[in-house]
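Examination of the molecular architecture
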Amino acid sequence: NQWKEETGNAISTEHVSQDLYYQLLDEAINKLPPQQQKVYLLSRHQRLKYDEIAAELNLSRETVKSYLKLATTSITSYMTSHVDVVSYLLIFLLIF
């Protein structure tokens, strides 16, 4: 399924849903406490290992592991609670 922007370019609903997913993910990450956010980004975006993150942030390996678990749980919860919003937007895009 596709719809057209005013420019006439076809955009797939898959592309739109992916954009919405990443927008929600960014929102969820931005809502994390600062240290959890740093740990999450270093782990997921820079692909650092627990020991590397611990050294960079001057934290214990166990604290890094705990922060990452808390961050992942918070992000999952945020995404799950907003899944209806994404669904409604996709339905709207498909209809109109």
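As the structure is a computational prediction, the values presented were derived from the model and not from experiment.

**Comments concerning the pattern of salt bridges**
- Within the structure shown, the criterion is met by 1 salt bridge.
- Across the pair Arg61 and Asp51 runs a salt bridge, and its minimum N-O distance is 3.2 Å. Linking Arg61 in helix H4 (residues 61-81) with Asp51 in helix H3 (residues 50-57), this pair joins segments that are 10 residues apart in sequence.

**Focus on the environment of Met79**
- Mapped onto the fold, Met79 is located in helix H4.
- Between the C-alpha atoms of Met79 and Glu27, which are 52 residues apart in sequence, the distance is 9.2 Å.
- Beyond its immediate sequence surroundings of up to four residues, Met79 is in contact with Tyr21, Leu24 and Leu25.

**Section: the nonpolar core**
- Residues Leu25, Val39, Tyr40, Ile53 and Ile75 are the most contacted members of the largest nonpolar core, which totals 17 residues.
- It is H4 that provides the largest number of residues to this core, a total of 6 residues.
- Those residues in contact with Ile75 that lie beyond four places of it in its chain are Leu25, Ala28, Ile29, Leu32 and Tyr40.

**So, unusual backbone geometry**
- With phi around 60 degrees, Arg47 is a residue other than glycine that occupies positive phi space.
- Assignment of secondary structure puts Arg47 in the loop between helix H2 (34-44) and H3.
- The residue Asn58 is not glycine, and still its phi comes out positive at about 55 degrees.
- For Asn58, the position within the fold is in the loop between H3 and H4.
- Residue Asn58 is classed as exposed on the basis of its relative accessible area, which comes to 70%.

**So, the packing of H3 against H4**
- One way to put it is that H3 packs onto H4 with a least axis distance of 8 Å and a crossing angle of 105 degrees. Judged on the interaxial angle alone, H4 and H3 are roughly perpendicular. Here Tyr50, Asp51, Ile53 and Ala54 of H3 lie close against H4, whose contacting residues are Arg61, Val64, Lys65 and Leu68.
- Its residues assigned to classes, the contact of H3 with H4 comprises 5 nonpolar, no polar and 3 charged.

**A word on the side chain of Gln36**
- Tracing the sequence through the fold places Gln36 in helix H2.
- A distance of 3.5 Å separates a polar side-chain atom of Gln36 from the backbone nitrogen of Ala71.
- Setting aside chain neighbours within four positions, we find Gln36 in contact with Tyr67, Leu70, Ala71 and Ser74.

Conventions and cut-offs
Residues numbered from 1 in each chain as written. Predicted model: local features only at pLDDT ≥ 70, side-chain atom pairs only at ≥ 80, totals over all residues. Heavy atoms only, no water. Salt bridge = Lys/Arg side-chain N within 4 Å of Asp/Glu carboxyl O. Helix = DSSP H or I, 4+ residues; strand = E, 2+ residues; numbered from the N terminus. Contact = heavy atoms within 4.5 Å. Core = buried A, V, L, I, M, F, W, Y, C linked by side-chain atoms within 4.5 Å. Buried < 20%, exposed > 50% of the residue type's maximum accessible area, 1.4 Å probe, protein only. Axes fitted to C-alpha atoms, helices over the stretch in contact; angles between N-to-C directions. Parallel < 35°, antiparallel > 145°, perpendicular 65-115°, else oblique. Nonpolar A, V, L, I, M, F, W, Y, C, P; charged D, E, K, R; others polar. Polar contact = N/O pair within 3.5 Å; in protein donor to acceptor, adjacent residues only side chain to side chain.

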